[in-house]
Amino acid sequence: MIIDGTKVIFQSEDFNFVKKFGLLEAADMVLNYRTLNGLPFIYDSYQLAAFLGLKYKNMFRLVKSEFKGSYKQITIKKKNGGDRTIHAPDYTLLFVQQNINNKILDKLPVSKYATAYKKGARLTGNAEPHVGKRYLLKLDITDFFGSIRFEQVYSAAFNTKYFPKFVGVMLTKFCCLNGVLPQGAPTSPALSNLVMKNFDDSIGSWCEKRGISYTRYCDDITFSSDKPLYVVYSKARLMLQNMGFELNERKTHFITSASRQTVTGLTVNEKVTVSREYKRSLRQELHYVFKYGAIDAFRHIYRKKYVYSRHLHTLSYLYSLLGRIRFVLSVEPDNEYFKTALQKLNNLMPEYHSDEWYFLSIR
């Protein structure tokens, strides 16, 4: 059907919807919705199943099972000795969540103060607003994804402004596990930005009026100013508590310009740079590689994650070095040492082969 020069095509999953409203009114509803929201039109469960790429019965079977068996639990050791639990979705659920991510969540607006998990996001973009400030305040939210509840996800992303209530609730169910956002689902980062949008906009606007810079990179919250920041700490803490979040007080840091100020790993005292320690360590490692070769260099440095049964996958190790060099250059594009090192390492790569493993005599 074509209305005002715009084509509306109905498929088999739209049968009940068209039958209920009639062809003309159904087409009008679709066009009006697309004009207002720019999102996929999903009115009932048949259209929802088709959108998710699932058979109708399988969709309800997954929801009824509460996604038992749909996630693989993975435990990762943190640097501080604690554990981080990742819930990785299986192939079917991953496909569904990627659909939701690409066709819905990517189209919803997030705050300008959110600097992660959106198109064009750069680590330097989170650091740049804080360069050269006298005072810096860094906050960290405890169990960020696990503190974002089902109701908050529904309200922020799938509410009745966009979808009928039943559809919105079902979409929320496909993005949550045990009533919260699972760390490991591809939808969780984008949803966290949407849940935090009101906080970001509110605290960001309040800060701008007072000459304070504010950014949020996932659960890392940063403020900077040329005036002390104790008042903004109290305000942010209270606002977050009202949303159900708690600050990790061990990671709350007030830092003056007399000390090294870092934002998400980047130094911001005078300009955005990679820390001296990171560059020094990488230069030392590259020195060994260029002088003695990858095997001898690795014996000296020894990074366990590239070793399997005391065998080293050399090419993976070298690719990791390439990635670390490119990270430095993404922050410091004019760094001559690492520009030269990148070229030298690229020239060295053909000497190693993807199927080669080397036995390591390391205890």
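An account of the accompanying structure is given in this report. Because the structure is a prediction, the values reported are computed rather than measured.

The rules behind the values
Residues numbered from 1 in each chain as written. Predicted model: local features only at pLDDT ≥ 70, side-chain atom pairs only at ≥ 80, totals over all residues. Heavy atoms only, no water. Helix = DSSP H or I, 4+ residues; strand = E, 2+ residues; numbered from the N terminus. Buried < 20%, exposed > 50% of the residue type's maximum accessible area, 1.4 Å probe, protein only. Contact = heavy atoms within 4.5 Å. Areas by Shrake-Rupley, 256 points an atom, 1.4 Å probe, with all protein chains shown as cover. Pairing = 2+ DSSP bridges. Salt bridge = Lys/Arg side-chain N within 4 Å of Asp/Glu carboxyl O. Axes fitted to C-alpha atoms, helices over the stretch in contact; angles between N-to-C directions. Polar contact = N/O pair within 3.5 Å; in protein donor to acceptor, adjacent residues only side chain to side chain. Expected span 1.5 Å × (residues − 1). Arc of directions from axis to C-beta. Patch = residues over 30% accessible without salt bridge, like charges linked within 9 Å, V, L, I, M, F, W, Y side chains within 5 Å. Lys, Arg positive; Asp, Glu negative; His and termini not counted. Charge placed at Lys NZ, Arg CZ, Asp CG, Glu CD. Phe/Tyr/Trp six-rings, centres within 6.5 Å; stacked < 30°, edge-to-face > 60°. Core = buried A, V, L, I, M, F, W, Y, C linked by side-chain atoms within 4.5 Å.

### Concerning the overall build of the chain
Of regular secondary structure, the chain possesses 15 helices and 14 strands. Counting the 363 residues in the chain, one finds 46% classified as buried. Looking at the chain alone, contacts between residues at least 24 apart form 67% of all its contacts between residues at least 6 apart. Carbon and sulfur atoms make up 51% of the accessible area of the chain, which totals about 20000 Å².

### A closer look at the sheet that holds strand 9 (residues 262-263)
Spatially, the three strands line up as an open sheet ordered 9-10-11, and their pairing is antiparallel. One side of each edge strand has no neighbouring strand; the edge strands of this open sheet are strand 9 and strand 11 (273-274). Where strand 10 (residues 266-267) and strand 11 come together, two bridges link them in antiparallel fashion. Of the residues in strand 11, the one forming a bridge with Thr267 is Thr273.

### Topic: the pattern of salt bridges
Evaluated as defined, the whole model comprises nine salt bridges. When the shortest N-O distance is used, the salt bridge between Lys112 and Glu208 registers 3.1 Å. Of this pair, Lys112 sits in the loop between helix 5 (91-103) and helix 6 (123-127) while Glu208 sits in helix 10 (residues 197-208); the two residues are 96 residues apart in sequence, bridging distant segments of the chain. The salt bridge partner of Asp200 is Arg216, with a shortest N-O separation of 2.9 Å. Taken together, the residues Asp200 in helix 10 and Arg216 in strand 6 (residues 213-217) connect sequence positions 16 residues apart.

### A closer look at the side chain of Thr172
For Thr172, the location among the structural elements is in helix 8 (residues 165-175). Using a relative accessible area of 0% as the deciding quantity, one classes Thr172 as buried. With sequence-adjacent residues up to four places away left out, Thr172 is seen in contact with Phe150, Val153, Tyr154 and Phe158.

### Some remarks on the sheet that holds strand 8 (residues 253-256)
Backbone hydrogen bonds are what pair the strands of a sheet, in a parallel or an antiparallel way. Reading across from one edge, 6-7-5-8 is the order of the four strands in this open sheet, with antiparallel pairing throughout. Edge positions in the sheet fall to strand 6 and strand 8, since each of these pairs with one other strand and no more. The mean inter-strand angle of the sheet, taken between neighbouring strand axes irrespective of direction, is 15 degrees. Helix 10 contacts strand 6 and strand 7 (220-225) of the sheet and is inclined by roughly 160 degrees relative to strand 6.

### Focus on the environment of Gln152
Here Gln152 is to be found in helix 7 (residues 150-157). The sequence separation of Gln152 and Leu194 amounts to 42 residues, and the corresponding C-alpha distance is 9.3 Å. Ignoring anything within four residues of it in the chain, the contact list for Gln152 reads Ser147, Val195 and Met243. A polar contact of 3.0 Å, which involves the side chain of Gln152, links it to the backbone oxygen of Met243.

### Some thoughts on helix 15 (residues 336-348)
Counted at 1.5 Å a residue, the expected span for helix 15 with its 13 residues is 18 Å, and the 18 Å between its end C-alpha atoms agrees. Of all the residues in helix 15, the buried ones are Phe338, Ala341, Leu342, Leu345 and Leu348. Down the axis of helix 15, the smallest arc covering the buried residues is 130 degrees, so these residues share one side. Within helix 15, the exposed residues directed more than 90 degrees away from the buried face are Glu336 and Asn347. Residues of helix 15 that are buried in the fold lie against helix 12 (276-292) and helix 14 (314-331). Capping the start of helix 15 is the job of one residue whose side-chain oxygen sits 3.2 Å from the backbone nitrogen of Tyr337: Asn335.

### Some words on a positive patch on the surface
A cluster of like positive charges, contributed by Lys78, Arg84, Arg250 and Lys251, occupies part of the molecular surface. With respect to the element layout, Arg84 can be found in strand 4 (residues 83-89).

### Re the packing of aromatic side chains
Evaluation of the coordinates by the stated rule reveals 21 aromatic pairs. On the basis of an interplanar angle of 45 degrees and a centroid distance of 5.7 Å, the ring pair of Tyr113 and Tyr214 is categorised as tilted. Taken together, the residues Tyr113 in the loop between helix 5 and helix 6 and Tyr214 in strand 6 connect sequence positions 101 residues apart. With a relative accessible area of 10%, Tyr113 lands in the buried category.

### As for the nonpolar core
By size, the foremost hydrophobic cluster in this structure holds 71 residues, and its most contacted members are Phe158, Phe174 and Phe223. If you look at the next biggest cluster of nonpolar residues, it comprises 27 residues, including Ile255, Leu315, Val328 and Leu329.

### Here we look at unusual backbone geometry
Non-glycine residue Phe67 carries a positive phi angle of around 65 degrees. Even without glycine at this site, Asn178 takes up a positive phi of about 55 degrees. Assignment of secondary structure puts Asn178 in the loop between helix 8 and helix 9 (188-195). Residue Asn178 is classed as exposed on the basis of its relative accessible area, which comes to 73%.

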